[in-house]
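# A structural walkthrough
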Amino acid sequence: MILKAKHHFLLDPFFRHYVLWKMKRHFQSFSINGGIEDNGLPILLICNHVSWWDGIWTLYVNQLLFKRKYHFMMLEEELRKNWFFQYTGGFSIKKQSKSIIETFDYTAELLSDEQNLVLLFPQGNIKSIYQSNFVFEKGIEKILQRTKNDIQIIFQANLIDYFADAKPNAFFNLHQYNGAWISDEIKKAYNHFYKQCLDAQAKNEI
């Protein structure tokens, strides 16, 4: 049995307020780049995974732009250790086990509700922010094969720069994906998008 997401009536709103407080404390600024039109559909948010901040950053973007019920996939052993996250939208995946099929089915079920947003880190683990080539695991395609309704697929690329500030400036770059629901195509499109973000960041154009 997988650990399914819950949204506790006290813990969930507390965590959302805590996110804003923590970000303001640790960052000089944060900017959202890329115009995304909310189509009123369930949202699958595909994001790079560069630090433990990623979940907080995507929650921040969701609170400002999409205002969906926030869900995110976590390794089962991590979710059991950090039980709090289950009550703020976290659900489990256990690789190389039979329960992984249940996780795929559950994710597709979440994506059948227009009130939901599901965050995925298709790389599977934390990678350097400076990498130029993403390798996606096949789980994302398994989930989309089970998704029978229309959804909105959005890419998010998180980058940071200090410039002349003591604290980092965070940049959250967004892009809507309209291509085929095939893992290799999504990976190719995300790599192209991420390279564009890095190039713009290097030119200080963001």
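See the structure shown above.
We now turn to the structure provided with this report. Residue numbering note: each chain is counted from 1, following its sequence as written. Restriction of local features to residues with pLDDT of at least 70 applies here, the model being predicted, together with a cutoff of 80 or more for giving and counting side-chain atom pairs; totals for whole chains, interfaces and linings are based on all residues. Each side-chain value is worked out from all heavy atoms of the structure, with water and hydrogens disregarded.

Another aspect to go through is helix α4 (residues 99-110). Per the convention used, a helix needs a DSSP run of H or I reaching at least four residues, while a strand needs a run of E reaching at least two, with both numbered from the N terminus. Take the number of residues in a helix, subtract one, and multiply by 1.5 Å to get its expected span. The end-to-end C-alpha distance of α4 is 17 Å, a good match for the 16 Å that 12 residues give at a rise of 1.5 Å each. Summarising the contacts, the buried residues of α4 are in contact with β3 (69-75), β4 (90-93), β5 (116-120) and α5 (139-146). The criterion used for residue contact is that any of the two residues' heavy atoms lie within 4.5 Å.

This part covers the packing of aromatic side chains. Only rings of Phe, Tyr and Trp enter the pairing, Trp through its six-membered ring, and a pair is recorded when the two centres are within 6.5 Å. The plane angle decides the type: under 30 degrees is stacked, over 60 is edge-to-face, the rest tilted. Per the counting criterion, the structure on display carries 28 aromatic pairs. Measuring from centroid to centroid gives 6.3 Å for Trp 83 and Phe 84, while their planes differ by 65°, and the two rings are edge-to-face. Ring plane angle 75° and centroid distance 6.2 Å describe the contact between Trp 83 and Tyr 87, whose orientation is recorded as edge-to-face. Burial classification: accessible surface area is computed with a 1.4 Å probe over protein chains only, and a residue below 20% of its type maximum counts as buried, one above 50% as exposed, and the rest as partly exposed. The exposure class assigned to Tyr 87 is partly exposed, which follows from its relative accessible area of 25%.

Before going further, it helps to spend a moment on the packing of α4 against α5. With their axes 8 Å apart at the nearest point, α4 and α5 run at an angle of 55° to one another. The angle between α4 and α5 places the two elements in the oblique class. The two elements α4 and α5 meet at a crossing, and its hand is right-handed. Contacts between α4 and α5 involve Ile 101, Phe 104, Asp 105, Thr 107 and Ala 108 on the former and, on the latter, Gly 139, Lys 142, Ile 143 and Arg 146. As a working rule, the residues Ala, Val, Leu, Ile, Met, Phe, Trp, Tyr, Cys and Pro are called nonpolar, Asp, Glu, Lys and Arg charged, and the rest polar, with Gly in that last group. Looking at the contact of α4 with α5, its residues break down into 4 nonpolar, 2 polar and 3 charged. Every angle, taken between N-to-C directions, lies between 0 and 180 degrees, and every axis is a line fitted to C-alpha atoms, over only the stretch in contact when it is a helix. To sort the angles, those under 35 degrees are grouped as roughly parallel, those over 145 as roughly antiparallel, those from 65 to 115 as roughly perpendicular, and the leftovers as oblique. Should the near helix be turned counterclockwise from the far one by less than a right angle, the crossing is left-handed, whereas a clockwise turn marks it as right-handed.

A few words now on the side chain of His 71. Residue placement: His 71 occurs in strand β3. For His 71, the contacting residues outside a window of four places in its chain are Ala 5, His 7, Gly 89, Phe 91, Leu 110, Asn 116, Leu 117, Val 118 and Leu 119.

On to the pairing of strand β6 (residues 152-161). The buried count for β6 comes to 8 of 10 residues, which makes it a mostly enclosed element. In this scheme, strands are said to pair when DSSP sees at least two bridges between them. Alignment of strand β2 (residues 43-47) against β6, held across 5 bridges, turns out to be parallel. Each bridged residue has a counterpart across the sheet, and for Ile 43 the counterpart in β6 is Gln 152. The pairing of β6 with strand β7 (residues 169-177) spans 9 bridges and is classified as antiparallel. For Ile 160, the partnering residue across the bridge sits in β7 and is Ala 170.

Once that is clear, we can look at the nonpolar core. The term nonpolar core refers to a set of buried residues drawn from Ala, Val, Leu, Ile, Met, Phe, Trp, Tyr and Cys, joined through side-chain atoms within 4.5 Å. The biggest cluster of nonpolar side chains holds 59 residues, and the ones touching the most others in it are Leu 44, Ile 46 and Tyr 190. Ranked by residue count, the leading element in this core is helix α2 (residues 53-66), at 7 residues. Look past the residues within four positions of Ile 46 in its chain and what remains in contact with it is Leu 120, Pro 122, Phe 136, Ile 140, Ile 153, Ile 154, Phe 155, Gln 156, Ile 186 and Tyr 190.

Moving on to the packing of helix α1 (residues 11-26) against α2. Packing of α1 against α2 brings their axes to within 10 Å, and their N-to-C directions diverge by 110°. Comparing their axes, α2 and α1 come out roughly perpendicular. Note that α1 runs across α2; the crossing there is left-handed. Across from Phe 15, Arg 16, Val 19, Leu 20, Lys 22, Met 23 and His 26 in α1, the residues of α2 making contact are Trp 53, Ile 56, Trp 57, Leu 59, Tyr 60 and Gln 63. A breakdown of the residues in the contact of α1 with α2 according to their chemical character gives 9 nonpolar, 2 polar and 2 charged.

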